[in-house]
Amino acid sequence: NYCMMKWSLLFLVFLSVCSVNAKPQVKKDRILDKDLSDVPHFEDDPEKHDNKYDHDAFLGKEESNEFDDLSPEESKKRLESLIRNKVDTDKDGKVSKQELTTWIEKVSKKSLLSDTNKQWQEMKLSKDDSVDFETYQKTHSDDDDDEGDNSDRDRKRWDYADKDKNGKLDRDEFFNFLHPEDSPFMRPLMVNESMEEIDKNHDGIVSEKEYLEDMWSPSENDKEEPEWLVDEKKKFHDERDKNKDGKLDRDEVADWMIPEDDHVGQETDHLMREADRDNDGFLTISEISEKSDTFAGSQATDYGDVLKTHDPSDL
């Protein structure tokens, strides 16, 4: 009995070690255009479409949750105030497609702008100041242990973000440096960085093997290919490899990382289709107010969600 208990304990220890060392099958995502909400959109499927995605995209996640606690009347009132005071920037009483696009872009970058301002203030800089790379390095020298590994990369990003090439970054340039994935100006550099990381044999192209290994590599304890890898193999040949030569050049990598139809553009088009009643290319306050549940939630929205998932006779 003692021997059996001993071997049972050893077996349990072995299993626990394996589970600790096993790496989850996480898919690395190189696409720079991030989604606007954690909620699936299903834009083209009325049965599955979730307005919560639109609320998050138009208001931001925190503000969207605040609207969900308001009465329908207060939600509509605050929505109309938001349109007049912030979205309609030229104050002509209607929202153009460009104004809507600019607003959604601003909302999507709100947390990133907050982070940029926080770091700017930590360096004791005013709004109109600029900062050099050495000052930034001194301020952030204790941020992480692998600073040395990233210093060359950071220097390249700094020089690229420096549009006027004066050796310093103003606050807008500093935003691009800190958040290059979310800056259209920095995207060519991000493509170059990704090419360097993925192209292991440095031949200037990305093979199917390099493409797949960048997303997932088998470990000693996890050698079984995840199911999504099969889909990625198909995507490599059907979507990524435009000229069908079995590999990706830099332009094809750029097309993969920077989709032509970005999430902000798609959401702008979706909201315009939903609310532009007279199809004149503008949204009036009354048009938005009439479709207020598309732009913002309320307590009534929450009640509607309950009705979707429960039998009315149970209420």
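Residues numbered from 1 in each chain as written. Predicted model: local features only at pLDDT ≥ 70, side-chain atom pairs only at ≥ 80, totals over all residues. Heavy atoms only, no water.

### Looking at the environment of R155
Logical step 1: Secondary-structure assignment places R155 in helix α8 (residues 147-161).
Logical step 2: Here the alpha-carbon distance between R155 and F177, two residues 22 residues apart in the chain, equals 9.7 Å.
Logical step 3: Excluding residues within four positions of it along the chain, R155 makes contact with F133 and E134. (Helix = DSSP H or I, 4+ residues; strand = E, 2+ residues; numbered from the N terminus. Contact = heavy atoms within 4.5 Å.)

### Things to note about the side chain of E210
Logical step 1: Turning to its location among the elements, E210 is positioned in helix α11 (residues 208-215).
Logical step 2: Buried and unpaired, E210 has no salt bridge, with K209 as the nearest side chain of opposite charge at 7.7 Å.
Logical step 3: Engagement of the side chain of E210 in a polar contact is seen with the backbone nitrogen of N201, the distance being 3.4 Å.
Logical step 4: Setting aside residues no more than four positions away along its own chain, E210 makes contact with I198, D199, K200, N201 and I205. (Buried < 20%, exposed > 50% of the residue type's maximum accessible area, 1.4 Å probe, protein only. Lys, Arg positive; Asp, Glu negative; His and termini not counted. Salt bridge = Lys/Arg side-chain N within 4 Å of Asp/Glu carboxyl O. Polar contact = N/O pair within 3.5 Å; in protein donor to acceptor, adjacent residues only side chain to side chain.)

### Here's the deal with the confidence of the model for the protein chain
Logical step 1: The predicted model of the protein chain has a mean per-residue pLDDT of 83, with 79% of residues at 70 or higher.
Logical step 2: In the predicted structure, residues 13-25 sits below a pLDDT of 50 and forms 10 contacts with residues beyond four places in sequence or in another chain.
Logical step 3: Every residue in residues 302-315 is under pLDDT 50, and counting partners more than four places away or in other chains gives 4 contacts. (pLDDT = per-residue confidence, 0-100.)

### Points about the packing of aromatic side chains
Logical step 1: Enumeration over the complete set of coordinates arrives at 14 aromatic pairs.
Logical step 2: Ring centres 5.9 Å apart and planes at 70° place the aromatic pair Y136 and F174 in the edge-to-face group. Linking Y136 in helix α7 (residues 133-139) with F174 in helix α9 (residues 171-178), this pair joins segments that are 38 residues apart in sequence. As far as burial versus exposure is concerned, Y136 and F174 are alike and both buried.
Logical step 3: By way of ring pairs, the aromatic residues W120, F133, Y136, W158, F174 and F177 are connected into one cluster.
Logical step 4: Against the face of F282 rests K94, its NZ or CZ located 4.5 Å from the ring centre. (Phe/Tyr/Trp six-rings, centres within 6.5 Å; stacked < 30°, edge-to-face > 60°. Lys NZ or Arg CZ within 6 Å of the ring centre and 35° of its normal.)

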